[in-house]
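Observations on chain architecture
The chain contents come next:
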Amino acid sequence: MTLNERAQLLADEVERNAARLRVHVAKVAGARVIDCGGAVTGSLAAGLLMARVCLGDAGDVEYVPCPIPELGGPAVQVTTDDPVRACLASQYAGWQVKAGKFYANGSGPMRALSAREEIFQHIAGKEESPFAVGVLETDRHPTDEVVASIVAKLPLVAEHLTLLVAPTQSLAGTTQIVARSVETALHKLHELQFDVNQIVSGYGVAPLPPTTPDFVQAMGRTNDAILYGAKVTLWVRADDEVLERMGPKVPSSSSKDHGKPFADVFTHYKGDFYQIDPLLFSPAEVEFRNLKTGRCHRFGGVEPGLLRRSFGLGE
């Protein structure tokens, strides 16, 4: 099955269990819209399903104990044996959905149907399916105009559109964002012009921060969970010399903006994402396990003190 067909089955599961998952299903301009945390409470379970939808169900997502003793609490663990398609062709939030005053970061396998982003010139992932499934990170419910703007960028073969929606501040929204540990590592490697097709499998774990109704604080905590708390392991077939040379550039510590809570960085640049150093958006720690040679290369490290401060747990 295609990523979209797999995600469609997950969305069907969410709809069947709407009451238990505390989500709401509606029709908007012919599309199925599943609110997982905007006008409803949502749930931790809905967050796991949203994260799997983002991955096109080409990866496993679960809650585990946080591996950083100073933090405690839960963490979000991701495993995939199809990392390029799951993370870059699907999970990466590369679709900026705009319609009137509406804006949302769009992810999920509907991106592989549209395939208009530059990244699809470098990876295999474009597909055809009668189903299109996406995830929108927003606190606003999609309107007819929003749905129309998405449909306009999909091929005609995509007859059925499903959108799962949740804001950063919600239980589900927090989970699906923190589930991007492996994705951020792959995207950083792609930006460094590493051949991501050499990546065979991926594993990542990042702490799940407390939710908060304040958007900037919620955005800061979810980003900090990745930037200062995510540990990623990648199994690759590559030259050790390349990994040793490139490795120090992969973790977030390679950025000039590293070392401060993300909310402070965001405020420093007056809310302009494009002024933030793009090298910042990557996991705290990345380990490469080379299947060609058996050697391991580890770079970066977590920042427990900064995370405790960001999460409101004290220094």
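Numbering of residues starts from 1 in each chain and follows the order in which that chain's sequence is written. Given that the model is predicted, a residue must reach a pLDDT of at least 70 before its local features are reported, and side-chain atom pairs must reach 80 or more before they are shown or counted; all residues, however, enter totals for whole chains, interfaces and linings. To get the side-chain values, all heavy atoms of the structure are used, and hydrogens and water are removed first.

1. Observations concerning the pattern of salt bridges
Should a side-chain nitrogen of Lys or Arg be within 4 Å of a carboxyl oxygen of Asp or Glu, the pair is scored as a salt bridge. Throughout the structure, instances matching the rule amount to 14 salt bridges. Between Glu244 and Arg295 there is a salt bridge, and its shortest N-O distance comes to 2.7 Å. Taken together, the residues Glu244 in helix H10 (residues 240-246) and Arg295 in the loop between strand S11 (285-290) and strand S12 (296-300) connect sequence positions 51 residues apart. Exposure classes here rest on a 1.4 Å probe applied to the protein chains alone. A residue is buried below 20% of its type maximum, exposed above 50%, and partly exposed in between. By relative accessible area, which is 40% here, Arg295 ends up partly exposed. One connected set of salt bridges, linked through shared partners, spans Glu285, Glu287, Arg289 and Arg298. Secondary structure elements are taken from DSSP: a helix is a run of H or I of four residues or more, a strand is a run of E of two residues or more, and numbering for both begins at the N terminus.

2. Topic: the nonpolar core
Only buried residues count toward a nonpolar core, which is a set of Ala, Val, Leu, Ile, Met, Phe, Trp, Tyr and Cys residues joined through side-chain atoms within 4.5 Å. Membership of the largest hydrophobic core comes to 60 residues, with the highest contact counts inside it found for Val61, Ile123, Leu186, Leu189, Ile199, Leu234 and Phe288. Considering each element in turn, this core owes the most residues, 5 residues, to helix H4 (residues 83-91). Residue contacts follow a heavy-atom distance rule, with two residues in contact if any of their heavy atoms lie within 4.5 Å. Excluding residues within four positions of it along the chain, Val61 makes contact with Leu48, Ala51, Arg52, Leu55, Val76, Gln77, Val78 and Ala179. Counting residues in hydrophobic clusters, the runner-up holds 20 residues, among them Ala99, Phe102, Leu113 and Leu154.

3. Notes on the pairing of strand S2 (residues 31-35)
Within S2, 5 of the 5 residues are buried, which leaves it mostly tucked inside the rest of the structure. Of the two faces of S2, the one holding Ala31, Val33 and Asp35 and the one holding Arg32 and Ile34 are both buried throughout. With 5 bridges connecting them, strand S1 (residues 24-28) and S2 associate as antiparallel partners. When the bridges of S2 are listed, Ala26 appears paired with Val33. Strand pairing is assigned whenever DSSP detects at least two bridges linking the two strands. Of the pairings in the sheet, the one linking S2 to strand S8 (residues 160-166) comprises 4 bridges and is parallel in character. Residue pairing for S8: Arg32 is matched across the bridge by Thr162.

4. A look at the environment of Val182
Secondary-structure assignment places Val182 in helix H8 (residues 181-191). Taking the C-alpha atoms as reference, Val182 lies 18 Å from Ala112; in sequence the two are 70 residues apart. In this structure, Val182 is in contact with Val78, Thr80, Cys87, Gly202, Tyr203, Gly204, Val232 and Leu234, ignoring residues within four places of it in sequence.

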